[in-house]
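Residue-level structure breakdown
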Amino acid sequence: GAGVSQTPSNKVTEKGKYVELRCDPISGHTALYWYRQSLGQGPEFLIYFQGTGAADDSGLPNDRFFAVRPEGSVSTLKIQRTERGDSAVYLCASSLTHGRGYNEQFFGPGTRLTVL
Amino acid sequence: GENVEQHPSTLSVQEGDSAVIKCTYSDSASNYFPWYKQELGKRPQLIIDIRSNVGEKKDQRIAVTLNKTAKHFSLHITETQPEDSAVYFCAAYMNRDDKIIFGKGTRLHILP
């Protein structure tokens, strides 16, 4: 079946602009995660959703970052007033469920964000 | 919170030889340890994992060992092949926080 998909694959924007990154999880997966991966680093946790609600947003670096998952499927990561330091690959992952022990997370291909 | 240290950051191994990547974690409540492989420009993919009630797990040429007392775990790849060249990430999952924390990765080069 289809895996996790993310759009766009690449996004170039100017400092100060607003961007939206989209994630389509695997059908039936209730848990969805956003990570940020900077060059030469491991994925850094940002936020995860269980269903429609953000169960843990402790990884969001500041209030310029926000994510939604209104219908419990597709999620959008929103970044306001982008800064050059936001440049990174933004990875989305989904898993069958969350809690009660770990379930494998399946990653999307990522969106490479470049802020000029 | 959990912290995961991974070493080395880069590793070059002759084809056919073995490669070992080591990780340590800080929180003794961590109970699940996956390893991900990420090829250039591709997404991370799970290659093997181990739970805290097991000391070792093997899958063909790949094995993972866990020492709960010392809070470290290692990935072992034997008979390395060119397609093993990639970045490998260890991670630790803690039930209490419900999230996984990744190490910074090891770039493995298999030399011909």
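Below, the structure is looked at part by part.

**Quick notes on the side chain of Ser74 of chain B**
In this structure, Ser74 of chain B sits in strand S8 (residues 72-77). Excluding anything up to four places from it in sequence, Ser74 of chain B contacts Val20, Ile21, Lys22, Trp35, Ala63, Val64 and Thr65 of chain B.

**Side note on the state of the cysteines**
Residues and elements named next belong to chain A. Scanning the model with the defined rule gives two disulfides over all chains in all. Covalent S-S linkage joins Cys23 and Cys92, the inter-sulfur distance amounting to 1.8 Å. When the S-S torsion is -65°, as for the bridge of Cys23 with Cys92, the disulfide is left-handed. Placement of the pair is Cys23 in strand S3 (residues 19-24) and Cys92 in strand S9 (residues 88-95), with a sequence separation of 69 residues. Cys92 shares its class with Cys23; the two are buried.

**Re the interface of chain A and chain B**
In this complex, chain A contributes 21 residues to the contact, which on the side of chain B involves 17 residues. In total, about 1,700 Å² of surface goes out of reach between chain A and chain B, with carbon and sulfur atoms giving 54% of it. The interface formed by chain A and chain B holds one salt bridge in total. The tally of links from chain A across to chain B stands at six residue pairs in polar contact (both at pLDDT 80 or more). Mapped onto the side of chain A that touches chain B, the elements with two or more residues apiece are strand S4 (31-37) and strand S5 (44-50) of chain A. For the side of chain A that touches chain B, the per-class residue count stands at nine nonpolar, 10 polar and two charged.

**As for the side chain of Thr80 of chain B**
Residue and element names in this part refer to chain B. Tracing the sequence through the fold places Thr80 in the loop between S8 and strand S9 (86-94). On the basis of relative accessibility, which here comes to 1%, the residue Thr80 falls in the buried class. From its side chain, Thr80 meets the backbone oxygen of Gln14 in a polar contact 3.3 Å long. In contact with Thr80, other than residues within four places in its own chain, are Val13, Gln14, Glu15, Gly16, Asp17, Ser18, Ala19, Arg61 and Ile110.

**Re the sheet that holds strand S6 (residues 56-59) of chain B**
All names here are of chain B. The strand order across the open sheet built from five strands is S1-S3-S8-S7-S6, with neighbouring strands paired in antiparallel fashion. Bordering the open sheet on either side are strand S1 (4-7) and S6, each of which pairs with just one other strand. Taken pair by pair, the neighbouring strands of this sheet meet at an average axis angle of 15°, ignoring direction. In the sheet, S6 pairs with strand S7 (residues 62-67) via four bridges, with the strands oriented antiparallel. Among the inter-strand pairings, Lys57 is bridged to a residue of S7, identified as Val64.

**Observations concerning the pairing of S1 of chain B**
All names here are of chain B. Of the two faces of S1, the one holding Val4 and Gln6 is buried and the one holding Glu5 and His7 is not buried anywhere. Two strands pair when backbone bridges link them, and S1 and strand S3 (residues 19-25) are joined in this way by four bridges, in the antiparallel orientation. Among the inter-strand pairings, Glu5 is bridged to a residue of S3, identified as Thr24.

Thresholds, definitions, all that
- Residues numbered from 1 in each chain as written.
- Chains lettered and ligands numbered in written order.
- Predicted model: local features only at pLDDT ≥ 70, side-chain atom pairs only at ≥ 80, totals over all residues.
- Heavy atoms only, no water.
- Helix = DSSP H or I, 4+ residues; strand = E, 2+ residues; numbered from the N terminus.
- Contact = heavy atoms within 4.5 Å.
- Disulfide = S-S within 2.5 Å.
- Buried < 20%, exposed > 50% of the residue type's maximum accessible area, 1.4 Å probe, protein only.
- Buried area = accessible area lost by both parts, 1.4 Å probe.
- Salt bridge = Lys/Arg side-chain N within 4 Å of Asp/Glu carboxyl O.
- Polar contact = N/O pair within 3.5 Å; in protein donor to acceptor, adjacent residues only side chain to side chain.
- Nonpolar A, V, L, I, M, F, W, Y, C, P; charged D, E, K, R; others polar.
- Pairing = 2+ DSSP bridges.
- Axes fitted to C-alpha atoms, helices over the stretch in contact; angles between N-to-C directions.

None of the figures reported here should be taken as evidence of function without further support.
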